[in-house]
Amino acid sequence: MHETSLIQFTLDAVERRALALRMRRVTDIYLVVGEMRGALPELMQEAFRILTYARPAFHGAELHIEARPVVLRCQKCGKRYRAADFHRVACPDCGAPEYDVAEGNELYIDSFEGE
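### Quick notes on helix 1 (residues 2–20)
In step 1: Between its first and last C-alpha, helix 1 extends 28 Å over 19 residues, near the 27 Å set by a 1.5 Å rise per residue.
In step 2: Where helix 1 is concerned, the buried positions are Glu-3, Leu-6, Ile-7, Thr-10, Leu-11, Ala-13, Val-14 and Ala-18.
In step 3: For helix 1, the secondary structure elements touched by its buried residues are strand 1 (26–34), helix 2 (41–52), strand 2 (62–68) and strand 6 (107–114).
In step 4: Immediately beyond the C-terminal end of helix 1, within one or two residues, lies Arg-22, with a positive phi of roughly 60°.

### Description of the sheet that holds strand 2
In step 1: Read from one edge of the open sheet, three strands run 2-1-6, paired in mixed fashion. The open sheet terminates on both sides in strands that have one partner only, identified here as strand 2 and strand 6. Averaged over all pairs of adjacent strands, the angle between strand axes in this sheet comes to 15°, irrespective of strand direction.
In step 2: In terms of strand pairing, strand 1 meets strand 6 through seven bridges, oriented antiparallel. The residue bridging Ile-29 from the neighbouring strand is Phe-112, located in strand 6.
In step 3: Seen against the sheet, helix 2 touches strand 1 and strand 2 and runs at an angle of roughly 160° to strand 2.

Reading the values: rules and limits
- Think of each chain on its own: its residues are numbered from 1, step by step along the sequence as written.
- Local features are withheld for residues below a pLDDT of 70 in this predicted model, meaning they are given only at 70 or higher, and side-chain atom pairs are given and counted only at 80 or more; totals for whole chains, interfaces and linings count all residues.
- Excluded from the side-chain calculations are hydrogens and water; all other atoms, namely the structure's heavy atoms, are used.
- What counts as a helix is a DSSP run of H or I of at least four residues, what counts as a strand is a run of E of at least two, and both are numbered from the N terminus.
- Expected span, for any helix, means 1.5 Å times one less than how many residues it has.
- Relative accessibility thresholds used throughout: buried, under 20% of the residue-type maximum; exposed, over 50%; partly exposed, between the two (1.4 Å probe, protein chains only).
- Throughout, a residue-residue contact means that at least one pair of heavy atoms, one from each residue, lies within 4.5 Å.
- By the convention used here, strands pair only if DSSP detects at least 2 bridges between them.
- To obtain each axis, a line is fitted to C-alpha atoms, and for helices this fit is confined to the stretch in contact; angles are then taken between N-to-C directions over 0 to 180 degrees.

This is the structure:
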């Protein structure tokens, strides 16, 4: 379950920054996670609940996850379109099969709040 390692990394990074900012407690963490990362939000929430249990700086904190869908950009005509099925990704406008991933591969800490 790679969700656990993603949350562990997130907590470590946020805690380092919170300490540098002299924050006593983190109340909210905002993540952006693209669909292509294969991380399931419900498993990330569960990992967050487990991993924050023994970390006082995160007691009562909430994890907010913005899931980003996969959006492709046609290399031929530039059309941006959602990919519902990765086995059929031809451009809906021109039919070209070549594309770039425009969105959906993100994975980052957008922000966090605390006191």
